[in-house]
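Structural characterization, general
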Amino acid sequence: MSTITLISGSTMGSAEYVAEHIAEILENDGFSTEMLHGPSLEDLPLEGLWIVVTSTHGAGDLPDNLQPLADAITQQQPDLSNITFGAIGIGSSEYDTFCGAIRSLERLLEDLGAKRIGDRLEIDILQHEIPEDPAEKWVKEWAKLL
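Described below are features of the structure shown in this document. (Residues numbered from 1 in each chain as written. Predicted model: local features only at pLDDT ≥ 70, side-chain atom pairs only at ≥ 80, totals over all residues. Heavy atoms only, no water.)

Inspection of the entire model under this criterion finds one aromatic pair. Ring centres of Trp138 and Trp142 lie 5.7 Å apart, and the angle between their planes is 20 degrees; this geometry places the pair in the stacked category. Of this pair, Trp138 and Trp142 are both found in helix α4 (residues 132-144), four residues apart, which corresponds to roughly one turn of the helix. An identical accessibility class is assigned to Trp138 and Trp142; each is buried. (Phe/Tyr/Trp six-rings, centres within 6.5 Å; stacked < 30°, edge-to-face > 60°. Helix = DSSP H or I, 4+ residues; strand = E, 2+ residues; numbered from the N terminus. Buried < 20%, exposed > 50% of the residue type's maximum accessible area, 1.4 Å probe, protein only.)

What follows covers the pairing of strand β3 (residues 48-55). For β3, a buried count of seven out of eight residues is recorded, marking the element as mostly surrounded by other parts of the structure. Pairing of strand β1 (residues 3-9) with β3, which is carried by six bridges, proceeds in the parallel orientation. Residue Thr5 lies in a different strand from β3, and its bridge partner there is Trp50. Pairing analysis gives eight bridges linking β3 to strand β4 (residues 83-91), with the strands arranged parallel. Each bridged residue has a counterpart across the sheet, and for Gly48 the counterpart in β4 is Ile83. Crossover handedness for the path β3 to helix α2 (residues 67-76) to β4: right-handed. (Pairing = 2+ DSSP bridges. Right-handed = clockwise from strand over helix to strand, strands pointing away.)

What follows covers the nonpolar core. Grouped together as the largest cluster of nonpolar side chains are 25 residues, with contacts concentrated most on Trp50 and Leu109. The biggest single contributor to this core is helix α3 (residues 100-111), with five residues. With 23 residues, the next largest nonpolar core counts Ala23, Leu26, Ile123 and Trp142 among its residues. (Core = buried A, V, L, I, M, F, W, Y, C linked by side-chain atoms within 4.5 Å.)

Taken by themselves, the reported measurements are silent on function.
In structure tokens form, the structure reads like this:
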């Protein structure tokens, strides 16, 4: 079974906590995981399975620790056709740019050939005080699609 690379971007830590929680669930189900918080492009395998977890801040922006990765992908245009991924966004629906960061990152990955597995999870912190709860439910269903 291949390793699932979990990529998180967070301003306040929520996305990191969610990524760590779902990694634990995946490992309990027999998957191998690698956790990367705010990685560089050089840190990432350009094939296999990714789960991207990011919060949104500002006007739909990526967190500061994930923006350099998006910039590098945009500039270098790597072939991501050997990547399949899951996507989780965390935000507040009181803003027009709710989960804008995961939506823009997902488009960037897909434009370079990556294929999303399953539906994108958008966690509204106004409805889910503990974002790990909906993420746990999502990852159990997502893993069935592998």
